[in-house]
Amino acid sequence: MEERIIDDEYGRGVRLKKTKDGYVDATDDQLDGQAEEEQVEDEVSFEFPVLDSDEDDEDLVGLSPEEALKLRQKKEAEAKERKEKYENACKEGYALLEEGKFQDAETVFEEALNLDEEATDASVGYWRAKTENFANPDVLVGEYADASIESLEYDLGVDAVEIIKKEYQSVFRRRYAELEAEEKPLAESLEEKRTHRKAILKERMKKSAIAFICVCLPLIALAIATAVIGMKNFAVIDNTYVVPTVILGVLTFVCFIAFVLVSNKWINVGRLMRANDKIDATEDGQRLVEIHDYQEIYRCLLTEDEEK
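Attention in this report is confined to the structure presented alongside it.

Conventions and cut-offs
Residues numbered from 1 in each chain as written. Predicted model: local features only at pLDDT ≥ 70, side-chain atom pairs only at ≥ 80, totals over all residues. Heavy atoms only, no water. Core = buried A, V, L, I, M, F, W, Y, C linked by side-chain atoms within 4.5 Å. Buried < 20%, exposed > 50% of the residue type's maximum accessible area, 1.4 Å probe, protein only. Helix = DSSP H or I, 4+ residues; strand = E, 2+ residues; numbered from the N terminus. Arc of directions from axis to C-beta. Contact = heavy atoms within 4.5 Å. Salt bridge = Lys/Arg side-chain N within 4 Å of Asp/Glu carboxyl O. Patch = residues over 30% accessible without salt bridge, like charges linked within 9 Å, V, L, I, M, F, W, Y side chains within 5 Å. Areas by Shrake-Rupley, 256 points an atom, 1.4 Å probe, with all protein chains shown as cover. Lys, Arg positive; Asp, Glu negative; His and termini not counted. Charge placed at Lys NZ, Arg CZ, Asp CG, Glu CD. Axes fitted to C-alpha atoms, helices over the stretch in contact; angles between N-to-C directions. Parallel < 35°, antiparallel > 145°, perpendicular 65-115°, else oblique. Nonpolar A, V, L, I, M, F, W, Y, C, P; charged D, E, K, R; others polar. Polar contact = N/O pair within 3.5 Å; in protein donor to acceptor, adjacent residues only side chain to side chain.

## Some points on the nonpolar core
Item 1. Residues Phe134, Leu152, Leu156 and Phe172 are the most contacted members of the largest nonpolar core, which totals 40 residues.
Item 2. Within the residue set of this core, elements represented by two or more residues are helix H2 (65-98), helix H3 (102-112), helix H4 (120-130), helix H5 (138-144), helix H6 (149-156), helix H7 (158-167), helix H8 (169-232) and helix H10 (283-301).
Item 3. In terms of nonpolar packing, the next biggest core, distinct from the first, is built from nine residues, Leu219, Leu222, Ile229 and Leu248 among them.

Dropping the structure here:
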């Protein structure tokens, strides 16, 4: 807070105070002492219950301090009860895991996930049950193979993912090695088949292109000739050009049918060539893409030490 004293037009000292709110308070220096003696203020004290910062302010609108305090106590009781239910559900779920009752454990953990905001223990237990103690880790990885490790961490929670990483490193490392062993021969076989198909399709494309040109040029010539001869029918009185026009029209139509057939074949060959360039155009290719997606998630689940 700034304070300055200036002289007014009568030579009296005027104290200027700049408050922290940005306002300027002007006080007569001579009257300041008298005012302090004469001014008597009544002090009124209000006490409000201290509420948690995360409590919804909308719930407190229109409530008295007593009502607000009761609301807080009610919410605390509900939170305590919910926490107890969560802890009991986790204990029951892990007990079922020890007994090998994975489906029952999955149901219990699924209910526990709705009782806690973070639910780290419930999240770990849920996926332990769903994967049968990670005997089938692809069940988890397959859920996020088309997404990313960030999506997995968001859904399970970073802490839960870290726990799973630590406890099941050997499982993830072994499964990653299995996928690697499957990926290499599959990729080689797929590339060999694609190369073989490409050579065949390239030859077909060459023949289709030649056939297309051989049909397209006569079609254009016949269409032009038909139009020229047909226009001459309007320049003469007799029917000299009627028969030639009909013959040329028939030939043009036949040529057009051949053009449609050849064009369709040419387009199909081009479509097959584009499909052959796509990895996932065949079942083997789709499996290879799936393996790559799985490997990406498993690679993220491996620690640096394990990757080395």
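## Considering H7
Item 1. Turning to H7, its buried residues number three or more, namely Ala160, Val161, Ile164 and Lys165. Projection of H7 onto a plane perpendicular to its axis shows the buried side chains occupying an angular sector of 140°, all on one side.
Item 2. Among the structural elements, H4, H6, H8 and H10 are those in contact with the buried residues of H7.

## Some details on the pattern of salt bridges
Side chains that differ in charge, positive against negative, can pair when their charged atoms come close.
Item 1. Overall, the coordinates contain eleven salt bridges when judged by the stated rule.
Item 2. One salt bridge in this structure joins Glu296 and Arg299, with 2.8 Å as the shortest N-O distance. One end of the pair is Glu296 and the other is Arg299, both in helix H10 and three residues apart, which spans about a single turn.
Item 3. Residue classification places Glu296 among the partly exposed positions, given a relative accessible area of 41%.

## Examining a negative patch on the surface
Item 1. Together, Glu84, Glu87, Asp116, Glu117, Glu118, Asp121 and Asp159 line one region of the surface with negative charge.
Item 2. On the secondary structure map, Glu117 appears in the loop between H3 and H4.

## What about H4?
Item 1. In terms of burial, H4 is a largely internal element, nine of the eleven residues being buried.
Item 2. Immediately downstream of H4, the backbone of Glu132 shows phi near 55°, a positive value.

## Points about the packing of H6 against H7
The packing of two helices is summarised by the inter-axis angle and the distance between the axes.
Item 1. Relative orientation of the contacting elements H6 and H7 amounts to 110°, with a least axis distance of 6 Å. Between H6 and H7, the angle falls in the class roughly perpendicular. Here Leu152, Glu153 and Leu156 of H6 lie close against H7, whose contacting residues are Val158, Ala160, Val161 and Ile164.
Item 2. Residue composition of the contact of H6 with H7, grouped by class: six nonpolar, no polar and one charged.

## Some points on unusual backbone geometry
Item 1. One non-glycine residue, Asn133, adopts positive backbone phi at about 55°.
Item 2. Along the polypeptide, Asn133 turns up in the loop between H4 and H5.
Item 3. Among the residues examined, Asn133 registers a relative accessible area of 29% and is labelled partly exposed.
Item 4. Here the phi dihedral of Phe134 falls at roughly 60°; this positive angle occurs in a residue that is not glycine.
Item 5. Tracing the chain through its elements places Phe134 in the loop between H4 and H5.

## Topic: the environment of Leu97
Item 1. Summarising the element assignment, Leu97 is placed in helix H2.
Item 2. In this structure Leu97 comes out as buried when scored by relative accessible area, which is 3%.
Item 3. The sequence separation of Leu97 and Asn133 amounts to 36 residues, and the corresponding C-alpha distance is 7.9 Å.
Item 4. Residue contacts for Leu97: discarding those within four places in its chain leaves Phe102, Ala105, Phe109, Gly125, Arg128, Ala129 and Asn133.

## Digging into the side chain of Thr245
Item 1. One can find Thr245 in helix H9 (residues 242-277).
Item 2. A polar contact of 3.0 Å, which involves the side chain of Thr245, links it to the side chain of Asn233.
Item 3. Contacts of Thr245, omitting those with residues within four sequence positions, involve Thr226, Ile229, Gly230 and Asn233.

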